[in-house]
Amino acid sequence: MVDPRTLPEDRSEAGFGDFKPALGPAQALAEANRCLYCADAPCVQKCPTGIDIPEFIRKISTGNLKGSARTILDANIFGMSCARVCPVEVLCVGGCVYNEMDAPPIAIGRLQRYATDAALAGDWRYFEAGPDSGRSVGLVGGGPASLAAAHELRRRGHACTIYDAGRWLGGLNTTGVAPYKLRADDALAEVAYVLGIGGIAVESGVQVGRDVTWDALLARHDALFIGVGLGADRTLDVPGKELAGIDGAVAFIEKFKLGRVDLAGVQRAVVVGGGNTAVDAVRELVGLGVPEVTMLYRGDEAAMSGYEHEWKAAKVEGVRALWHTQPTAYLDRGGRVAGLRCVKLGADKRPLPGEVFEVPAELVLLAIGQARLGELVAGLAGVQLEGGRLVVDADGATGHPRVFAGGDCANGGKEVVNAVAEGKRAALAIDRALTTGASK
């Protein structure tokens with residue numbers, strides 16, 4: 001892991017402000033006192049990690065901020081980042097009973113941020129490693145799923161080693177989340193807080209299959225957890241794909257979050273796709289100062305998978321969309337992309353005869369999905385793949401008795417909060433297996 005202080009201070013993401021600014025003490029107290037502390041708590045039912053939301057809000061209202069943060073972090077050790085990046089509008093806030101009363105729902109995410117920001121800033125420590133169990137677990141991938149699993153396993157005394165192919169831990173929290181939600185330095189600070197429980201070894205720059213084999217890891221550890229996320233951005237296999245100025249959206253986001261991107265000469269940018277990554281990318285391009293940003297999608301507005309509230313914000317910021325549009329080739333200007341040749345699609349997604357047009361752009365980002373990393377474990381006995389995902393049960397168990405998995409590689413690319421929940425569930429299942437006699 002890299003200390004957040006070593007990230008370039010002039011990285012491109014530094015120019016973004018908070019999309020949802022932090023609450024002050026008076027605002028937090030007033031908002032907490034609006035909560036009805038529902039007995040059935042529909043907000044909790046919508047939270048994948050099951051945070052006791054009425055309880056943590058009640059503690060804020062009574063001035064017990066340390067207790068509030070503990071309630072959150074006991075359920076979700078990544079409570080700080082989830083407070084920022086969770087789509088609360090469709091999760092906890094979406095479940096708030098105030099929605100049925102034509103009143104503003106409780107700002108649960110912002111209250112969660114208020115408590116967890118204080119915990120990290122004050123380095124409030126609530127959890128410690130359990131007595132040494134004599135067992136060890138290897139965790140492949142350094143994102144929220146593996147880190148949450150490792151933290152839970154340490155609370156039960158198991159030694160943990162995280163193997164990550166990259167330089168920075170934190171997964172997409174560090175490299176892929178839009179900076180107006182979560183900056184890389186804050187993500188790395190949270191990683192350091194999670195590792196603060198002690199006893200979690202980290203081996204960065206280690207790729208399984210290249211630097212170490214699965215057999216070697218199974219010989220080294222009593223159990224394995226796989227939380228490798230998804231793979232590289234998918235590409236469009238059309239003429240001109242080798243031109244400069246074409247990039248994957250996830251790869252581009254990582255570049256400007258961790259360093260600087262040069263957008264000199266980019267007056268027009270196109271993002272291909274209609275999911276959450278595409279919506280993040282268009283908003284980020286606007287924030288980086290690109291004058292004209294277009295989202296190009298083969299479906300219509302109703303069919304896009306990106307969250308409605310995020311797309312609404314993008315439209316307010318000036319992003320335009322071309323619906324029912326399919327790229328057929330890149331335009332070439334001296335070895336650099338100059339735009340896209342496109343065809344209009346009908347309701348059946350088939351090209352409409354004669355409906356061909358060009359969209360000029362000096363930068364094209366592809367947000368059409370990421371390659372599954374399931375092939376990475378194709379040779380691991382008992383581990384099955386389905387649609388490029390690892391097949392797991394409700395506890396994250398694979399077909400191999402000592403191998404568990406969670407996060408994007410198993411769920412196909414859900415939210416950070418899902419990865420945390422799956423990592424924790426798998427950790428509890430691993431603990432049960434280790435304490436009931438499973439061994440090498």
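Residues numbered from 1 in each chain as written. Predicted model: local features only at pLDDT ≥ 70, side-chain atom pairs only at ≥ 80, totals over all residues. Heavy atoms only, no water.

1. Structural notes on the UniProt feature "domain: Dihydroprymidine dehydrogenase" (unreviewed entry) in the protein
Move 1: UniProt feature "domain: Dihydroprymidine dehydrogenase" (unreviewed entry): in the numbering of this structure it lies at residues 16–121.
Move 2: Between the end C-alpha atoms of residues 16–121 the distance is 21 Å, and the span holds 54% helix and 0% strand. (UniProt positions renumbered as here; feature names shortened; annotations may be inferred. Helix = DSSP H or I, 4+ residues; strand = E, 2+ residues; numbered from the N terminus.)

2. Quick notes on helix α7 (residues 108–121)
Move 1: In a regular helix each residue adds 1.5 Å, so 14 residues correspond to 20 Å; α7 covers 20 Å between its end C-alpha atoms and thus fits that length.
Move 2: With 11 of 14 residues buried, α7 is to be regarded as a mostly interior element.
Move 3: Within α7, burial applies to Ile108, Gly109, Leu111, Gln112, Arg113, Tyr114, Ala115, Thr116, Ala118, Ala119 and Leu120.
Move 4: Looking one or two residues past α7, Asp123 carries a phi angle of roughly 50°, positive in sign. (Expected span 1.5 Å × (residues − 1). Buried < 20%, exposed > 50% of the residue type's maximum accessible area, 1.4 Å probe, protein only.)

3. Examining the packing of helix α3 (residues 53–61) against helix α4 (residues 65–75)
Move 1: At their nearest, the axes of α3 and α4 sit 7 Å apart, and the two run at 170° to each other. As judged from the angle between their axes, α3 and α4 are roughly antiparallel. Here the hand of the crossing between α3 and α4 comes out left-handed. On α4, the residues touching Glu55, Phe56, Lys59 and Ile60 of α3 are Leu65, Gly67, Ser68, Thr71 and Ile72.
Move 2: A per-class count over the contact of α3 with α4 returns 4 nonpolar, 3 polar and 2 charged. (Axes fitted to C-alpha atoms, helices over the stretch in contact; angles between N-to-C directions. Parallel < 35°, antiparallel > 145°, perpendicular 65-115°, else oblique. Left-handed = near helix turned anticlockwise from the far one by under 90°. Contact = heavy atoms within 4.5 Å. Nonpolar A, V, L, I, M, F, W, Y, C, P; charged D, E, K, R; others polar.)

4. Overview of the environment of Leu296
Move 1: Relative to the assigned elements, Leu296 resides in strand β7 (residues 292–296).
Move 2: With 26 residues separating them along the chain, Leu296 and Leu322 place their C-alpha atoms 4.9 Å apart.
Move 3: Beyond its immediate chain neighbours, meaning those up to four positions away, Leu296 contacts Val270, Val271, Val272, Gly273, Leu322, Thr325, Pro327, Leu340, Cys342 and Val359.

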